[in-house]
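Chains, contacts and geometry: an overview
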Amino acid sequence: MNRHFRHVDWKLKEVPSTVTLVDIACISGKPRCREIPRRSGPLSLADGEAWLLAHFKTTGHRRYEETYSRVVQWDPPDDIDPRTILGVTT
Ligand SMILES: [Zn+2]
């Protein structure tokens, strides 16, 4: 996504040093199973897939709701230091 703000063209980018996380809930069955991983908070993608496979193998449930979270930020062109723009912070 690109936007023009304070006379600068900004791009919305994923912060590369961060990890995409996932929240998972099983939504198979009627009524829905609603089981979630026992660990608190979102999981790494690898841990999420491991839980999905384990739950599938033990229950046969095939349908899940996944909600992803990632860290993004607006970046100016490379030749502009965002700290020099009034009103812009990290
Ligand atoms: Zn289930």
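For the structure itself, look to the data block above.
Thresholds, definitions, all that
- Residues numbered from 1 in each chain as written.
- Predicted model: local features only at pLDDT ≥ 70, side-chain atom pairs only at ≥ 80, totals over all residues.
- Heavy atoms only, no water.
- Donors = N, O, S within 2.8 Å, 3.2 Å for Na, K, Ca; no water.
- Tetrahedral: all angles 85-135°; square planar, octahedral: opposite > 155°, others 65-115°.
- Helix = DSSP H or I, 4+ residues; strand = E, 2+ residues; numbered from the N terminus.
- Buried < 20%, exposed > 50% of the residue type's maximum accessible area, 1.4 Å probe, protein only.
- Phe/Tyr/Trp six-rings, centres within 6.5 Å; stacked < 30°, edge-to-face > 60°.

1. Looking at the coordination of the zinc ion
The protein atoms donating to the zinc ion are Cys26 (SG), Cys33 (SG), His55 (NE2) and His61 (ND1), with metal-donor distances spanning 2.0 to 2.4 Å. Note that the zinc ion binds 4 donor atoms; their angles at the metal cover 106 to 113°, and the shape is tetrahedral. Within one chain, the residues serving as donors to the zinc ion are arranged as C-x6-C-x21-H-x5-H. Here the residue Cys33 occupies a position in the loop between strand S3 (21-26) and strand S4 (43-44), and His61 occupies one in the loop between helix H1 (45-59) and strand S5 (64-69), the gap between them amounting to 28 residues. Exposure remark for Cys33: the relative accessible area of 29% places this residue in the partly exposed category.

2. Examining unusual backbone geometry
With an omega of 0°, the peptide bond between Lys30 and Pro31 qualifies as cis. Mapped onto the fold, Pro31 is located in the loop between S3 and S4.

3. Remarks on the packing of aromatic side chains
Under the definition given, this model contains 1 aromatic pair. Their ring planes at 80° and their centres at 6.1 Å tell us that Trp51 and Tyr64 sit as a pair that is edge-to-face. Taken together, the residues span a long stretch of sequence, with Trp51 in helix H1 and Tyr64 in strand S5 at a distance of 13 residues. Of the residues examined, Trp51 reaches a relative accessible area of 15% and is grouped as buried.

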